[in-house]
Amino acid sequence: MGEADAARLAERVKSEFRHAWHGYRQYAWGHDDLRPLSRSYRDWYAQPLLTTPVDSLDTMILMGLDAEARDARTLISERIEFDRDIDVSTFEITIRLLGGLLASYELTRDQRLLDLARDLGTRLLPAFGSPTGLPYRFVNLRTGAVKGPETNPAEAGTLLLEFGSLSRHTKDGRFYETAKRALLEVYNRRSSIGLVGQGIDAETGEWTDRDSHVSACIDSYYEYLLKGWVAFGDLDCRRMWLPSIAAIQRYLADDDGAELWYRHADMLTGEPTATVFGALDAFFPAVLALSGDIDRARRLYDSCYKMWMMHGIEPERFDYRTKRIVNGAYPLRPEVAESTYYLYQLTGDPRYREMGEALFESFVRYCRSEVGYASLRDVVTKERSDEMHSFCLSETLKYFYLLFAPPETLDFRKVVFTTEAHPIQRWPGVGRSDPRP
Ligand code: DMJ
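Within every chain, residues take consecutive numbers counted from 1 along the sequence as written. For this predicted model, a pLDDT threshold of at least 70 governs which residues receive local features, and a threshold of 80 or more governs which side-chain atom pairs are given and counted, while totals over whole chains, interfaces and linings are taken from all residues. Based on all heavy atoms of the structure, the side-chain values leave hydrogens and waters out of the count.

With respect to the nonpolar core
As a rule of thumb, soluble globular proteins bury nonpolar side chains together.
Logical step 1: Throughout, nonpolar core names a set of buried Ala, Val, Leu, Ile, Met, Phe, Trp, Tyr and Cys residues whose side chains join them through atoms within 4.5 Å. Under the scheme applied here, a residue whose accessible area is under 20% of the maximum for its type counts as buried, over 50% as exposed, and between as partly exposed, the area being computed with a 1.4 Å probe on protein chains only. Core analysis: the largest hydrophobic core is formed by 144 residues, its most contacted members being Tyr262, Phe284 and Phe363.
Logical step 2: Discounting chain neighbours no more than four positions away, the residues touching Tyr262 are Val214, Ile248, Gln249, Leu252, Ala253, Val276, Phe277, Phe284, Leu288, Arg296, Leu300 and Tyr320. Here, residues are in contact when the closest pair of their heavy atoms is within 4.5 Å.

Focus: the environment of Trp427
Logical step 1: Secondary structure elements follow DSSP: runs of H or I no shorter than four residues count as helices, runs of E no shorter than two count as strands, and numbering proceeds from the N terminus. Mapped onto the fold, Trp427 is located in the segment after strand S20 (423-425).
Logical step 2: Trp427 sits 12 residues away from Val415 along the chain, and the two C-alpha atoms are 8.8 Å apart.

Let's talk about the site of the ligand
Logical step 1: Around the ligand lies a shell formed by Ile95, Arg96, Leu280, Arg333, Pro334, Glu335, Phe391, Glu395, Thr419 and Glu420.
Logical step 2: Here an oxygen atom of the ligand sits 2.7 Å away from a polar atom, N or O, in the main chain of Thr419.
Logical step 3: Glu420 has a polar side-chain atom sitting 2.6 Å from an oxygen atom of the ligand.
Logical step 4: The pocket occupied by the ligand, as judged from atoms lying within 2 Å of grid points, is the largest pocket.
Logical step 5: Secondary structure elements with two or more residues in the shell around the ligand: helix H4 (90-108) and helix H15 (391-404).
Logical step 6: Polar here means any residue other than Ala, Val, Leu, Ile, Met, Phe, Trp, Tyr, Cys and Pro, which are nonpolar, and Asp, Glu, Lys and Arg, which are charged; Gly is therefore polar. Looking at the shell around the ligand, its residues break down into four nonpolar, one polar and five charged. Consider each residue's heavy atoms; a residue with any of them within 4 Å of a molecule or strand counts as near. Residues adjacent in sequence count toward polar contacts only when both atoms are side-chain atoms; beyond that, a polar contact is any pair of N or O atoms within 3.5 Å, and within protein one must be able to donate a hydrogen and the other to accept it. With a 1 Å grid laid over protein atoms only, a set of points is called a cavity when a 1.4 Å probe fits there but cannot get out and a pocket when it is open yet has protein on both sides within 12 Å along at least five of seven lines; lining residues have an atom within 4 Å of a point. In this description, a molecule resides in a pocket or cavity if more than half of its atoms sit within 2 Å of the grid points defining it.

Overview of the packing of aromatic side chains
Logical step 1: Under the pairing criterion, centres of Phe, Tyr and Trp rings, with the six-membered ring standing for Trp, must be within 6.5 Å; the plane angle then separates stacked pairs below 30 degrees from edge-to-face pairs above 60, leaving the rest tilted. Taken as a whole, this structure holds 29 aromatic pairs when the rule is applied.
Logical step 2: When the centroid spacing of 5.2 Å and the interplanar angle of 90° are considered together, the rings of Tyr342 and Phe412 count as edge-to-face. A residue pair is termed long-range when its members are at least 10 positions apart, and Tyr342 in helix H13 (residues 335-347) and Phe412 in the loop between H15 and strand S19 (415-417) qualify at 70 residues. In this structure, Tyr342 and Phe412 share a single accessibility class: buried.
Logical step 3: A connected cluster of aromatic rings, assembled from ring pairs, spans Trp308, Tyr330, Phe360, Phe363, Tyr373 and Phe400.
Logical step 4: By definition, being over a ring means that NZ of Lys or CZ of Arg is both within 6 Å of the ring centre and within 35 degrees of the ring normal. It is Arg174 that lies over the ring of Phe175; its NZ or CZ is 5.5 Å from the centre.

What to know about the side chain of Ser89
Logical step 1: On the secondary structure map, Ser89 appears in strand S3 (residues 87-89).
Logical step 2: For Ser89, the contacting residues outside a window of four places in its chain are Tyr45, Arg137, Phe138 and Glu155.

A closer look at helix H12 (residues 294-309)
Structural remark: α-helix, 3.6 residues per turn; residues separated by three or four positions point the same way.
Logical step 1: By this rule, a helix spans an expected 1.5 Å times one less than how many residues it contains. The terminal C-alpha atoms of H12, which comprises 16 residues, lie 22 Å apart, in line with the 22 Å expected from a rise of 1.5 Å per residue.
Logical step 2: Every buried residue belonging to H12 is among Ala297, Leu300, Tyr301, Ser303, Cys304, Tyr305, Met307 and Trp308, and all of these are buried.
Logical step 3: In the core, the buried residues of H12 are packed alongside strand S11 (260-262), strand S14 (276-278), helix H11 (284-290), strand S15 (317-319), H13 and helix H14 (351-367).

Structural notes on the sheet that holds strand S7 (residues 199-201)
Logical step 1: With antiparallel pairing, three strands are arranged side by side in an open sheet as S6-S7-S8. Edge positions in the sheet fall to strand S6 (150-151) and strand S8 (207-209), since each of these pairs with one other strand and no more.
Logical step 2: In the sheet, S6 pairs with S7 via two bridges, with the strands oriented antiparallel. Bridge pairing links Glu150 to Asp201 in S7. Whether two strands pair comes down to DSSP finding at least two bridges between them.

What to know about the side chain of Lys227
Logical step 1: Following the sequence through the fold, Lys227 ends up in helix H9 (residues 219-232).
Logical step 2: Taking relative accessible area as the criterion, Lys227 reaches 2% and is therefore assigned buried.
Logical step 3: In this view, Lys227 contacts Leu161, Phe232, Leu290, Glu338, Tyr342, Val416, Phe417 and Thr418; residues no more than four positions away in its chain are not counted.

Considering the layout of surface pockets
Logical step 1: Grid points are joined across faces, edges and corners, and a volume is the space filled by probe spheres set on the points. Volume-wise, the largest pocket comes out at about 730 Å³.
Logical step 2: Lining the largest pocket are 37 residues, with Phe91, Glu92, Arg96, Leu280 and Arg333 sitting closest to its centre.
Logical step 3: Put simply, the parts of the chain that give the lining of the largest pocket at least two residues each are H4, helix H6 (153-157), H9, H13, strand S17 (375-378) and H15.
Logical step 4: For the lining of the largest pocket, the element with the highest residue contribution is H4, accounting for four residues.
Logical step 5: By residue class, the composition of the lining of the largest pocket is 16 nonpolar, seven polar and 14 charged.

With respect to the sheet that holds strand S16 (residues 325-327)
Think of a sheet as strands paired side by side through backbone hydrogen bonds, with each pair either parallel or antiparallel.
Logical step 1: In space, the three strands of this open sheet follow the order S14-S15-S16, with antiparallel pairing throughout. Of all strands in the sheet, those with a lone pairing partner are S14 and S16, marking the two edges. Pairwise comparison of adjacent strand axes, ignoring direction, gives a mean angle of 30° for this sheet.
Logical step 2: The sheet contact formed by S15 and S16 spans two bridges and is antiparallel. By the bridge assignment, Phe318 is partnered in S16 with Ile325. To obtain each axis, a line is fitted to C-alpha atoms, and for helices this fit is confined to the stretch in contact; angles are then taken between N-to-C directions over 0 to 180 degrees.

Structural notes on the packing of H14 against H15
The angle between the axes and the distance between the axes are what describe a pair of packed helices.
Logical step 1: At a minimum axis distance of 9 Å, the contact between H14 and H15 shows a crossing angle of 140°. As summarised for this structure, H14 and H15 are arranged oblique, according to the angle between their axes. Between H14 and H15 lies a crossing whose hand is left-handed. Taking contact as the criterion, the partners of Tyr352, Arg353, Gly356, Glu357, Leu359, Phe360 and Phe363 in H14 are, on H15, Cys392, Thr396, Leu397, Phe400, Leu403 and Phe404. An angle below 35 degrees is treated as roughly parallel, one above 145 as roughly antiparallel, one from 65 to 115 as roughly perpendicular, and anything else as oblique. Helix crossings get a hand from a simple test, with the near helix turned counterclockwise from the far one by less than a right angle marking a left-handed crossing and a clockwise turn marking a right-handed one.

Digging into the pairing of S17
Logical step 1: Two strands pair when backbone bridges link them, and S17 and strand S18 (residues 383-385) are joined in this way by three bridges, in the antiparallel orientation. In the strand pairing of S18, Ser375 is matched with Ser385.
Logical step 2: Counted along the chain from S17 to the antiparallel partner S18, the turn is four residues long, and its residue Lys382 has a positive phi close to 70°.

Here we look at the packing of helix H2 (residues 51-63) against H15
Logical step 1: Two elements in contact, H2 and H15, have axes whose closest approach is 7 Å; the angle formed by their N-to-C orientations is 20°. It follows that H2 is roughly parallel to H15 by the angle criterion. Once H2 is placed against H15, the crossing between them reads as left-handed. On H15, the residues that touch Thr52, Asp55, Ser56, Asp58, Thr59, Leu62 and Met63 of H2 are Phe391, Leu393, Ser394, Leu397, Lys398 and Tyr401.

Now the structure itself:
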């Protein structure tokens, strides 16, 4: 693919982003998410927190959509208010709102965005007040009351990039230390063979579910072990990442020579339990590539691409041995686009842009609706559902755009993407910053 074709595709992605954003603008303005089919909106809590505008502002800035970005910034500074009596998800609010505010602050240096991030981060801190230091799943933004001790590695361990960046910009080390401790507390409870489960109690520190894999409830815990090292040069993260990836390769990698997949296993024994993989797991080629393991990244990416092409859009979960779909929904997830972008950045192989074009065209064909983009209830029948999650704008369309955009749009080597695709500047102030083992 030549640069002219890539530039044409970047423009096409930008215009699809505009289509999705204008749907939100027209039917959900001031609320959290657009409901694209009923042309209405959904709020996560009793009061909206402007999830879509905050989560997608940095995409608009990167795409050079100045008028849209200006609109969103005005809405955010006039309407957003975190002093609310609502119990919010520590994890979701961190990755979508705190991450969104911080990345947009770094791109604009708009002090209001940093002030909002500091306010939000401070209100999230009581979540970490458990006996173990693992965060509760929910915290009340006004009172600091917590609930939901039963959590998982992803929710407990995917906070360091956002809290670390907040520490950097506020010069208040509490954020970094608190999120780092949570990551350590998960790692310190790994089994003797080096795996973690998918459920843990924040009060007792006991595992509540021994299923081990790289999928939902665990996925981004591993991502942040690696990225904590890459972003901050944090050698503790390196110390935790290296044995973790070794255990993953030993017990979860399922390599029959032709295809590479990652399975489920019991965290204590390593005994295989399921050959289920899905849309969320498709982040893993990106992580492998970032860690320097380009060979496995390429092979797993090929598996993910096949998973997508089986029905023209990937299912949420399927059995890679029998090819039976376990959950056929597609909620506009970004992970395959994310891995395509990483592999293109890290190998320069034009094949990834070509595959990215095919992915993008089918994404548009099956999910574009008259207003915005609609999730699929079933990737086989292509029946739609009335949801456009904010990550469609903050992640999926951002990664497609960056795949085709000219290199000066963003220097991949100077940033680390949070799990919600918010680029934060690397800050090797904590230790050594070379990410390769
Ligand atoms: C996003 O909110 C984040 O990428 C998270 O880590 C996993 N799920 C969604 C996208 O699929």
